[in-house]
Amino acid sequence: MSSQQNGKTKNKTGAGKGKGTNKPEEPSELGYQHTLMYGRYTSDLAQYAKEESRRLKILEKKRKRDEKLRKKELRERYRNPYVKAVLKGLSYLWQKSFARLGEDWVFLAILGVLMAVLSFIMDWGISMCNKARIWLYMDLNYHISIQYFAWIILPVCLVLFSAGLVHIIAPQAIGSGIPEMKTILRGVTLKEYLTFRTLFAKVIGLTASLGSGMPLGKEGPFVHIASIVATLMTKLQSFHGIYENESRSNEMLAAACAVGVACCFAAPVGGVLFSIEVTAVYFAVRDYWRGFFAAGIGAMFFRLLAVWFQGHETIKPVFKTFFGSEFPYDPQELLVFAIIGVLSGLFGALFVWMHRQYVLWMRGNKRLNGFLQKNRFIYPCVVSWFIASANFPLGFGQFIAGDLTTHDQVLTLFSNFSWTKTNFTVEEVSVMRHWVNPHTGIFINLTIYFVVTFFLFIVASTLPVPSGNFVPVFKMGAAMGRIIGEAMHLWFPYGISFSGDRWPVVPGGYAVVGAAAFSGAVTRTISIVVIVSEMTGQITHIIPVMLAVLISNAVAGVLQPSIFDSISMIKKLPYLPDFIPSSSAGAYNITVRDFMIRHVKFIWYSMTYDELKGVLKDNRTIASFPIVDSPDGMILLGSIPRQHLIKAIERHIGRERRIQCAGQWRLETAEKARVEKERLRLIELQQRRPSRFEVIPVPTIVTTKPDSTSVESVRLTDPTLTLTGYERGSGGLLSPTHDGRPKSILKKTNSFSLHNFGQFPSKFHPYMTVTGAEDRLRSAFHTIFQKSTQLPDANPEAGAKEDSRKSPSPTPMSPPPTTPKKVQLPSERVIDMSPEEQKAWEEQEMARAVDFTKCPIDAAPFQLVAGTTLLKVHSIFSLLGINHAYVTATGKLIGVVAMKELRIAIEQCNSGTFRRPSMAVPRIETTTDGVEDLEGLGGSKDELNSLDSALDTEAEETTDDEGQRLS
């Protein structure tokens, strides 16, 4: 490309020198201009290089794709017949067996197996990182400083690696992923959240961040990973039908969320229920079997891999417990379990509030935020160093069991013996030594563990790495329950007396109840009851667990939203909060006209393009506009998306139509000029006296086109021979007298050749005299052919194909052909308007009425009547997944409601601060001058007053119906 460009530049330079002038050349393809000294480039060479590189990459991809298809064809053509027979048999077996089950069953089974394998591999990687850290700490015991360095170096490196990986590859992999999946299942498209890049960054980054020992979880990110895997599978050729159907695609995403939870804790039933509670407001019953089937396959295969590769005897729970089933708890202990639920609700709400406040403080501090954005690795390095130092076993970590992994900490907290007794077995001592030290006791250590984990997790959750929220919350709840259980065992060492029998208190049962209650309070889910039962393998404590979870949910629901809704609020994702039971009565009395937007931006029929442009320019954030019959009638006829309105304006005054109109103008002007010229010529012929001589065109320039073969052969034999010399030969094609016409009186002198310019001129004035005009004509021809190289082709692709078709292909033995320096005339001149003509034409066209027939109009946008209650609006938005709805009264558009207004109304209703507007619809106001002021709607005073009274009557009837239904 560079050599060709240099060749073009040199050619133009030589032509300029031949003229003998110092006039700068026209800019070339790269904008190179000749100046008085060296010349300059007026275009950006870097931009040209980028475009050229992009074009070469596209060509390379196309070449590889074609080569791959060619190899596939050859492979199929010359494949071994035995291999063909085997493949044909497998295909027949597939069609007669598994294909009959339906692609949904096969898809879900493959999804469950893939997620089980992926979860097992990630757990193995996390375990290897934790073991390597403990091994470094135990092996380098020469000095405490060396042990400290060995303890903190691996977590810091892993966190920095994870932060850098997700920042470079896919920043969408940061965080949990459950709030984003909840938004996606509502119908909102989030860019790059379900791509392979995000999957790669999420898997590697999550393995590194959990392997570092940070107090983070796995459940939320794994829900996101399962959703990405399901999305990528739907794009395969075998399951392409799922991808094309949006409804089926959402069903598979809902099943994938259940698989993600099931493969984390081997809890298929709890995983399905958890996914329903967390990711969906309304769940379709037809998706129930899909979730259970995929979750069951995933959980079973996940535990089978542990049996096959980790030496487990059989399939067993993740956190195996050994509580007695004969008398697990006393009925009087249910009161204590209820107290655990209340405390869990309070601390869970406090945790969600402090987490949101800390994140908002981090984002609101502009100086700190700007510094961390410029130095992205300082914050992860400092936080990981601080958390690793806090868990150092020879330092503060001796109070919080810092030498244990997260899995081992939960196992020891669920142990079924009391830590306050005096005599211990050898196995019990191995468990107790991590929670006891010479300075403090059990209660102080557990309290420190709860408080430190509480605050460290809030700080660690702000790290720019993939992280979950479930496991750290689960640990905090287990520690709080263990404290209460040990206190109960200390107060009642021989158990609570019931019917004359005494059964000892099991502190591990209190830890299980506390873990479930605290997790339920933070996540606002009830399915945690089933998840805990499946994780621990205990069903004996399901009643106290359910009691504590229900109470904690009720307490936390009054105070704060769930952690996932809180993250959605921080990220400003579209979501709808739930109604608080105490405020649900007010939701029946609030109607949509109390919180709708009354000043609706709309378009109407018979509006001009200029008015449409003004509406689009003033409302850049509106994605769809309602269309009405007229500003006075306001009858809603449909809605049109913004992009189609913009395309309508571009189609009306775009370049294509402008060139078309310009060409039509030129044709009309040329036709008028031709008619006028013909008229003047006839008048001149009538007035001119007759002449004895006839003036004919010069044949060497105008009339006769030479045969290229004969001319080239003569030129090759005699290079000095010109067209005029060849014309004088006998029998030449350019002889002016071979057809017997009279000879011209014009004497031809100083004949010249046009071959130096590459082509013959196409058109001259029929009575042109060339005597003595060689210099002027040569200069004119040179200017014409030089400017023709700068004119764009109307169809460059067709011209390129024609050139490639005309150029001969070189033979294999011939040397590589050189690129000829030729000038290509445009196949079609592009006629455009001048800036003044274009401005006048656009003003004229923009004053025309808009043609909406070419725009796709949604004739039935979702509408609400003005008397619809707030509770109904919430149900409709949640069930249908819509983002906005128009409010009408007797067919007239009076307002619009979006998700933002609905969310604000629900939040105000829950807090009891909702205030009705002073008037439901715009009324007629009389000014001090006695002039009636029509606000909002068009129309007369009687029409607006009748409309207002109709709305009042409709609202009263709706309220009466709701009151009868409640009574």
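The model shown is predicted, which means the values in this text are computed figures rather than measured ones. (Residues numbered from 1 in each chain as written. Predicted model: local features only at pLDDT ≥ 70, side-chain atom pairs only at ≥ 80, totals over all residues. Heavy atoms only, no water.)

Observations regarding the overall build of the protein
Heads up, the condition is: Numbering of helices and strands runs from the N terminus; a helix is a DSSP stretch of H or I covering at least four residues, while a strand is a stretch of E covering at least two. Throughout, a contact is declared for two residues whenever any of their heavy atoms are within 4.5 Å. The Shrake-Rupley method, run with a 1.4 Å probe, gives the accessible areas here. Residue values count only the displayed protein chains as cover.
Counting secondary structure elements, the protein contains 36 helices and 12 strands. Expressed as a percentage of contacts within the protein between residues at least 6 apart in sequence, the contacts between residues at least 24 apart total 73%. Total accessible area on the protein stands at roughly 53700 Å², and carbon and sulfur atoms take up 59% of it.

Section: the sheet that holds strand S7 (residues 636–641)
Hydrogen bonding along the main chain pairs the strands of a sheet, whether they run parallel or antiparallel. Definition in use: Two strands make a pair as long as DSSP finds a minimum of two bridges between them.
Strand order across the open sheet formed by three strands is S5-S6-S7, with mixed pairing between neighbours. Sheet topology places strand S5 (603–604) and S7 at the edges, where each strand pairs with a single neighbour. Note: S5 against strand S6 (residues 624–628), two bridges, orientation parallel. Among the inter-strand pairings, Ile 603 is bridged to a residue of S6, identified as Ile 627.

Topic: a positive patch on the surface
Spelled out, the test is: Patches in this entry comprise residues that are over 30% relatively accessible and not in a salt bridge; like charges within 9 Å are linked, as are nonpolar side chains (Val, Leu, Ile, Met, Phe, Trp, Tyr) within 5 Å. A carboxyl oxygen of Asp or Glu within 4 Å of a side-chain nitrogen of Lys or Arg is what we treat as a salt bridge. When charges are counted, Lys and Arg are positive and Asp and Glu negative, with His and the chain ends excluded. The location of each charge is read from NZ of Lys, CZ of Arg, CG of Asp or CD of Glu.
A cluster of like positive charges, contributed by Lys 50, Arg 54, Lys 57 and Lys 61, occupies part of the molecular surface. Within the fold, Arg 54 resides in helix H2 (residues 45–77).

What to know about the packing of aromatic side chains
Working definition: an aromatic ring pair is given by the centre-to-centre distance plus the angle between the planes. Put simply, the rule is: Each Phe, Tyr or Trp ring (for Trp, its six-membered ring) is paired with any other whose centre lies within 6.5 Å, and the angle between the two planes then decides the class: stacked below 30 degrees, edge-to-face above 60, tilted in between. Residue burial is assigned from relative accessible area. The probe radius is 1.4 Å, only protein chains are included, and a residue is buried under 20% of its type maximum, exposed over 50%, and partly exposed in between.
Under the definition given, this model contains 24 aromatic pairs. Ring centres of Phe 120 and Phe 309 lie 6.0 Å apart, and the angle between their planes is 45°; this geometry places the pair in the tilted category. Of this pair, Phe 120 sits in helix H5 (residues 103–139) while Phe 309 sits in helix H13 (residues 288–309), and the two are 189 residues apart along the sequence. Relative accessible area serves as the criterion here: at 12%, Phe 120 is assigned to the buried category. Exposure remark for Phe 309: the relative accessible area of 61% places this residue in the exposed category. Ring geometry for Trp 435 versus Tyr 449: centroids 5.2 Å apart, planes at 80°, classification edge-to-face. Highlighted residues: Trp 435 in the loop between helix H18 (426–432) and helix H19 (442–460) and Tyr 449 in helix H19, separated in sequence by 14 residues. Exposure class is identical for Trp 435 and Tyr 449. Each is buried. Aromatic ring contacts, followed pair by pair, group Phe 347, Phe 351, Phe 450, Phe 454, Phe 455, Phe 457 and Phe 518 into a single cluster.

Examining the sheet that holds strand S9 (residues 884–889)
Applied cut-off: Axis definition: a line fit to C-alpha positions, over the contact stretch in the case of helices; interaxial angles, taken between N-to-C directions, run 0 to 180 degrees.
Pairing in this open sheet of three strands is mixed, and the strands run S8-S9-S10 from one edge to the other. Across the chains shown, the open sheet's two edge strands, defined by having one partner strand only, are strand S8 (863–865) and strand S10 (892–898). Across the sheet, the mean angle from the axis of one strand to that of its neighbour is 35°, orientation sign disregarded. For S9 and S10, the ladder comprises six bridges, and the chain directions are antiparallel. Its bridge partner lying in S10, Ala 885 is registered against Val 897. Sheet strands touched by helix H34 (residues 870–880): S8, S9 and S10. Its angle to S8, the strand with the most contacts, is close to 165°.

Let's talk about the packing of helix H22 (residues 528–536) against helix H23 (residues 542–559)
Going by this rule: Crossing handedness: left-handed means the near helix sits turned counterclockwise from the far one by under a right angle, and right-handed means the same turn made clockwise.
One way to put it is that H22 packs onto H23 with a least axis distance of 9 Å and a crossing angle of 145°. Crossing geometry of H22 relative to H23 is assigned as right-handed. Mapping the contact onto sequence places Ile 528, Val 529 and Ser 533 in H22 and Ile 542, Val 545, Met 546 and Val 549 in H23.

Brief notes about the state of the cysteines
As a reminder of what qualifies: Cysteine sulfur atoms that come within 2.5 Å of each other are treated as a disulfide pair.
The final tally for this structure, using the stated rule, is zero disulfides. Of all cysteine sulfurs, the one in Cys 264 lies closest to Cys 263, which takes part in no disulfide; the gap is 7.4 Å. Taking the relative accessible area as the measure of exposure, Cys 263 reaches 0% and is therefore buried.

Brief notes about the environment of Leu 111
In this structure, Leu 111 sits in helix H5. Owing to a relative accessible area of 0%, Leu 111 belongs among the buried residues under this scheme. Between the C-alpha atom of Leu 111 and that of Met 233, which follows or precedes it by 122 residues, the distance is 8.2 Å. Once you skip the residues sitting within four places of it in the chain, Leu 111 turns out to touch Ala 226, Val 229, Ala 230, Met 233, Ala 256 and Val 259.

Regarding the pattern of salt bridges
Any two side chains of opposite charge can pair, on the condition that their charged atoms come close. All told, the structure shown has 12 salt bridges when counted by the stated rule. Between Lys 218 and Asp 123 there is a salt bridge, with the nearest N and O atoms lying 2.6 Å from each other. Residue Lys 218 is found in the loop between helix H8 (196–211) and helix H9 (219–234), and its partner Asp 123 is found in helix H5; the two are separated by 95 residues along the sequence. Taking relative accessible area as the criterion, Lys 218 reaches 9% and is therefore assigned buried. The shortest N-O distance in the salt bridge between Arg 482 and Glu 486 comes to 3.0 Å. In this pair, Arg 482 and Glu 486 are both assigned in helix H20 (residues 470–491), four residues apart and thus about one turn of the helix distant. The residues Arg 482 and Glu 486 share a single accessibility class, namely buried. One salt-bridge network, held together by shared partners, links Glu 60, Arg 63 and Glu 67.

Here's the deal with a nonpolar patch on the surface
A surface patch of nonpolar side chains, about 440 Å² in accessible area, is lined by Val 83, Val 86, Leu 87, Leu 90 and Leu 93. Secondary-structure assignment places Leu 93 in helix H3 (residues 81–96).

Description of unusual backbone geometry
Backbone geometry places Ala 266, a non-glycine residue, at a positive phi of 55°. Residue position: Ala 266 is located in the loop between helix H11 (246–265) and helix H12 (268–279). At Arg 524, a position not held by glycine, the phi torsion is positive, near 60°. With respect to the element layout, Arg 524 can be found in the loop between helix H21 (507–523) and H22.

Some remarks on H23
Side chains that are three or four residues apart share a direction in an α-helix, a result of its 3.6 residues per turn. The cut-off we apply is this: Here, expected helix span is obtained from the residue count minus one, scaled by 1.5 Å.
Between the first and last C-alpha of H23 there are 26 Å, a value that for 18 residues agrees with the 26 Å anticipated at 1.5 Å per step. Listed as buried for H23 are Pro 544, Val 545, Ala 548, Val 549, Ser 552, Asn 553, Ala 556 and Gly 557. Of the surrounding elements, those touching the buried residues of H23 are helix H14 (334–364), H21 and H22.

Observations regarding the packing of H19 against H20
Counted only if it meets this: Any angle from 65 to 115 degrees is called roughly perpendicular, while one under 35 is roughly parallel, one over 145 is roughly antiparallel, and all others are oblique.
Two elements in contact, H19 and H20, have axes separated by 9 Å at closest approach and are oriented at 160°. Classified by the angle their axes make, H19 and H20 are roughly antiparallel. Between H19 and H20 the crossing geometry is left-handed. Across the interface between the two elements, Phe 443, Leu 446, Thr 447, Tyr 449, Phe 450, Thr 453, Phe 454 and Phe 457 from H19 touch Pro 472, Val 473, Lys 475, Met 476, Ala 479, Met 480, Arg 482, Ile 483, Glu 486, Ala 487 and Leu 490 from H20.

Section: helix H17 (residues 406–413)
This is how the line gets drawn: The arc refers to the directions leading from the helix axis to the C-beta atoms.
Taken together, the buried positions of H17 are Gln 409, Val 410, Thr 412 and Leu 413. Buried residues of H17, viewed axially, fall in a sector of 165°; they line one side.

Here's the deal with the pairing of S9
For a regular strand, the rule is simple: side chains alternate between the two faces of the sheet. Using the following cut-off: Whether a crossover is right-handed comes down to one check: with the strands pointing away from the viewer, does the path from the first strand over the helix to the second run clockwise; if it does, it is right-handed.
Of all six residues in S9, five are buried, a share of seventy percent or more. Here S8 pairs with S9 via three bridges, running parallel. Paired with Leu 864 across the two strands is Val 887, which belongs to S9. Taken together, S8, H34 and S9 form a β-α-β motif whose crossover is right-handed. The turn linking S9 back onto S10 is made up of two residues, and Thr 890 within it adopts a positive phi angle of 50°.

Observations regarding the confidence of the model for the protein
Heads up, the rule is: The predictor rates its confidence in each residue with pLDDT, a number between 0 and 100.
Scored by pLDDT, the protein has a mean of 75; 71% of the residues are at 70 or more. A low-confidence stretch, residues 1–30 (pLDDT under 50), is modelled with 38 contacts involving residues beyond four sequence positions or located in other chains. For residues 791–828, every residue scores under 50 in pLDDT, and the model assigns this stretch 26 contacts once sequence neighbours within four places are set aside.

Quick look at the nonpolar core
To be explicit about the condition: By convention a nonpolar core is built from buried Ala, Val, Leu, Ile, Met, Phe, Trp, Tyr and Cys residues, the set being connected through side-chain atoms within 4.5 Å.
Within the largest apolar cluster, 118 residues are counted, with the highest numbers of intra-cluster contacts made by Leu 111, Met 115, Ile 225, Phe 351 and Phe 414. Dropping the residues within four chain positions of it, Phe 351 is found in contact with Phe 454, Phe 457, Ile 458, Val 473, Met 476, Val 522 and Ile 563. Of all hydrophobic cores here, the second largest spans 30 residues; its members include Val 628, Met 634, Ile 649 and Val 896.

Observations regarding the environment of Lys 854
Within the secondary structure layout, Lys 854 lies in the loop between helix H33 (835–846) and S8. Considering only alpha carbons, one finds Lys 854 and Lys 647, 207 residues apart in sequence, at a separation of 10.0 Å.

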